[in-house]
Amino acid sequence: MSPRILIFGTGSIGAVYTYVLCRATKPVNVFTVCRSNYDVVSKQGLTLNSTIFGQNLNVRPQVVRTVDEAVAASEGKPFDYVIVTAKAIASTPSIPDQLRPAVSESTTIALIQNGIGIEDIYRSAFPSNPILSCVVYLPATQVRPGTVEHREVELLHIGTYPSTAPSAHKDSADKLAALLHAGGASAEVHDDIQQSRWSKLLVNAAWNPICALSRSRDMQFLQSSPYALDLVKGVMLEIAAVAQASGYPSISSEVVDFQISRATARPLPGVEPSMLADAAAGRNMEVDAIVGNPLRIAEAKGVDTPLLKTVYALLSGLDGSFTRARQSRG
Ligand SMILES: NC(=O)C1=CN([C@@H]2O[C@H](COP(=O)(O)OP(=O)(O)OC[C@H]3O[C@@H](n4cnc5c(N)ncnc54)[C@H](OP(=O)(O)O)[C@@H]3O)[C@@H](O)[C@H]2O)C=CC1
Ligand SMILES: CC(C)(CO)C(=O)C(=O)O
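All of these numbers come straight from a predicted model, not from anything done at the bench.

### Focus: the site of ligand 1
Thought 1: Inspection of the region around ligand 1 gives 23 residues, with Ile13, Ser36, Lys87, Asn114 and Glu286 positioned closest.
Thought 2: Interatomic distance of 2.8 Å between a backbone N/O atom of Ile13 and an oxygen atom of ligand 1.
Thought 3: Between ligand 1 and Arg35 there is a distance of 2.8 Å, counted from an oxygen atom to a side-chain nitrogen or oxygen.
Thought 4: Isolated, ligand 1 exposes 900 Å² of accessible area, and the fraction of that covered by the protein chains is 87%.
Thought 5: Mapping the shell around ligand 1 onto the domain boundaries places at least three of its residues in each of domain 1 (5-191) and domain 2 (194-329).

Have a look at this one:
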């Protein structure tokens, strides 16, 4: 039987996986929760321009405004997968509380989000369901409502949370990978996804805040001063030290060099990290998931992270300015 899928958060990443999953199963089985882009997507579907999947690709999933609407439209049939592609930012009500009506005992919850320590709120809310923690390499930007540009790379790493989850949960990870392959995407299943999370965090904890604070794409920032590369590398080395203190010795200075070389190989202007897109739009950013949580782990483990603390202080200040601006707009 075709799986039924709910995607929560149809922005840049959510749109790409909605496209992939509409190809893997029937669009009628893919329900996608849209907020600011609801009007456009419900009328015109989602459009993807991708250097990997192709140009001007349009899909028409079942577009809903809320999880309750998706449950009603699904006519009592349970969701096999709930896929979270919203930003990992605290909200009221929380995302797990919003998802609750769509989660039955057979539902697998997959989190496609950056950062570290993002899974616990889902584990507490849904203690028996398979929770899949996913790390995505997929530079994508929603350039206007319902239209997403994607380039360079496309790969999803999948693992259970926690890594010691029962074998049935591991089967869910394999099934999700198979579904993504059927939709033409790349996915790999890992025994311990946290290693992949730390490896990706090297990139995100350095590039995302630095690009957001400097309003520059990665290559633009590297060219902006003779100190730029040292700052990026310095933050990455601090994250590597925290990863090592957390039991991941493979997150080494060689991995840092590899991640730096991926950026320096890019032509100008380079990649726009998702946090730069948020800063440019005055939206709140994933400050805690990407910087605050590793900083707290560093403090608990006695790892010195002066650059990370500086970045956190500046980023929190910028994030606070967005909150104040939103409140003053009413
Ligand atoms: N973009 C990228 O290149 C990459 C992003 N990532 C990670 O993937 C995750 C998703 O990022 P990205 O796709 O860029 O984020 P976007 O901001 O582009 O999309 C998030 C979407 O979630 C929606 N959303 C948030 N909260 C709610 C809610 N309560 N109800 C309904 N919709 C909601 C937003 O709606 P609205 O428009 O109304 O705010 C938006 O459409 C993040 O963790 C990011 O760090 C990882 C790799 C690359
Ligand atoms: C840096 C990048 C684009 C890597 O895929 C990313 O993860 C993000 O934008 O948040």
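Read on, since the account is not over.
### Comments concerning the sheet that holds strand β9 (residues 140-144)
Thought 1: Spatial ordering of the open sheet is given by β4-β3-β10-β9, a layout of four strands whose pairing is mixed. Each of the sheet's edge strands pairs with one partner strand only, and the pair in question is β4 (54-59) and β9. Going across the sheet, the axis of each strand differs from the next one's by a mean of 25 degrees, ignoring polarity.
Thought 2: Where strand β3 (residues 46-50) and strand β10 (residues 147-150) come together, four bridges link them in parallel fashion.

### Overview of the sheet that holds strand β12 (residues 187-189)
Each strand in a sheet pairs with its neighbour through backbone hydrogen bonds, running either in the same direction (parallel) or in the opposite one (antiparallel).
Thought 1: With mixed pairing, the eight strands of this open sheet are ordered in space as β5-β2-β1-β6-β7-β8-β11-β12. Single-partner strands in this sheet number two, and they are β5 (62-64) and β12. Pairwise comparison of adjacent strand axes, ignoring direction, gives a mean angle of 20 degrees for this sheet.
Thought 2: Pairing between strand β11 (residues 155-160) and β12: three bridges, direction parallel. From the neighbouring strand, Leu156 faces β12, where its bridge partner is Ala187.
Thought 3: Helix-sheet contacts for helix α7 (residues 193-214) involve β7 (108-112), β8 (131-137) and β11, and the interaxial angle to β8 is about 35 degrees.

### Here we look at the layout of surface pockets
Thought 1: Size it by volume and the second largest pocket reaches roughly 400 Å³.
Thought 2: If you go around the second largest pocket, you meet 22 residues; those closest to its centre are Ala88, Ile89, Ala90, Ile121 and Ala289.
Thought 3: When residues of the lining of the second largest pocket are traced back to their parent elements, those giving at least two are α4 (95-99), α5 (120-125) and α12 (287-301).
Thought 4: The element contributing the most residues to the lining of the second largest pocket is α12, with four residues.
Thought 5: Its residues assigned to classes, the lining of the second largest pocket comprises 11 nonpolar, six polar and five charged.

### Re the packing of α12 against helix α13 (residues 306-329)
Packed helix pairs are specified by the crossing angle of their axes together with the interaxial distance, meaning the distance between the axes.
Thought 1: At a closest axis distance of 10 Å, the pairing of α12 and α13 adopts a crossing angle of 145 degrees. In this structure, α12 meets α13 at a crossing whose hand is left-handed. Within the contact between the two elements, α12 uses Val287, Asp288, Val291, Gly292, Pro294, Leu295, Arg296 and Glu299 and α13 uses Leu308, Lys309, Val311, Tyr312, Leu315, Ser316 and Asp319.
Thought 2: When its residues are assigned to classes, the contact of α12 with α13 shows eight nonpolar, two polar and five charged.

### Some words on the site of ligand 2
Thought 1: Every residue lining ligand 2 is accounted for by Asn114, Leu138, Pro139, Lys200, Val203, Asn204, Asn208, Val271, Pro273 and Ser274.
Thought 2: At 2.9 Å from an oxygen atom of ligand 2 is found a side-chain nitrogen or oxygen belonging to Asn204.
Thought 3: Within the contact set of ligand 2, an oxygen atom lies 3.1 Å away from a side-chain nitrogen or oxygen of Asn208.
Thought 4: Counting residues per element, the shell around ligand 2 draws most heavily on α7, which supplies four residues.

### Regarding the UniProt feature "domain: Ketopantoate reductase C-terminal" (unreviewed entry) in the protein chain
Thought 1: Residues given the UniProt feature "domain: Ketopantoate reductase C-terminal" (unreviewed entry) here are residues 192-317.
Thought 2: Annotated as 72% helix and 0% strand, the span residues 192-317 places its first and last C-alpha atoms 34 Å apart.

### Concerning the domain arrangement of the protein chain
Thought 1: Looking at the assigned domains, one finds that the protein chain contains domain 1 (5-191) and domain 2 (194-329).
Thought 2: At the interface, 24 residues of domain 1 touch 26 residues of domain 2.
Thought 3: Summing both sides of the interface, domain 1 and domain 2 together bury roughly 2000 Å²; the carbon and sulfur share of this comes to 48%.
Thought 4: At the junction of domain 1 and domain 2, the tally comes to three salt bridges.
Thought 5: Taking the shortest distance from any N to any O, the salt bridge between Asp278 and Lys87 comes out at 2.9 Å.
Thought 6: Taken together, domain 1 and domain 2 are joined by 14 residue pairs in polar contact (both at pLDDT 80 or more).
Thought 7: The biggest single contributor to the side of domain 1 that touches domain 2 is β8, with five residues.
Thought 8: Class assignment for the residues of the side of domain 1 that touches domain 2 results in 12 nonpolar, eight polar and four charged.

Procedures and definitions
- Residues numbered from 1 in each chain as written.
- Chains lettered and ligands numbered in written order.
- Predicted model: local features only at pLDDT ≥ 70, side-chain atom pairs only at ≥ 80, totals over all residues.
- Heavy atoms only, no water.
- Near = heavy atom within 4 Å.
- Polar contact = N/O pair within 3.5 Å; in protein donor to acceptor, adjacent residues only side chain to side chain.
- Areas by Shrake-Rupley, 256 points an atom, 1.4 Å probe, with all protein chains shown as cover.
- Domains from an automatic or database assignment.
- Pairing = 2+ DSSP bridges.
- Helix = DSSP H or I, 4+ residues; strand = E, 2+ residues; numbered from the N terminus.
- Axes fitted to C-alpha atoms, helices over the stretch in contact; angles between N-to-C directions.
- Contact = heavy atoms within 4.5 Å.
- 1 Å grid on protein atoms, 1.4 Å probe; cavity = no way out; pocket = protein on both sides within 12 Å on 5 of 7 lines; lining within 4 Å.
- Points joined across faces, edges and corners; volume = space filled by probe spheres on them.
- Nonpolar A, V, L, I, M, F, W, Y, C, P; charged D, E, K, R; others polar.
- Left-handed = near helix turned anticlockwise from the far one by under 90°.
- UniProt positions renumbered as here; feature names shortened; annotations may be inferred.
- Buried area = accessible area lost by both parts, 1.4 Å probe.
- Salt bridge = Lys/Arg side-chain N within 4 Å of Asp/Glu carboxyl O.

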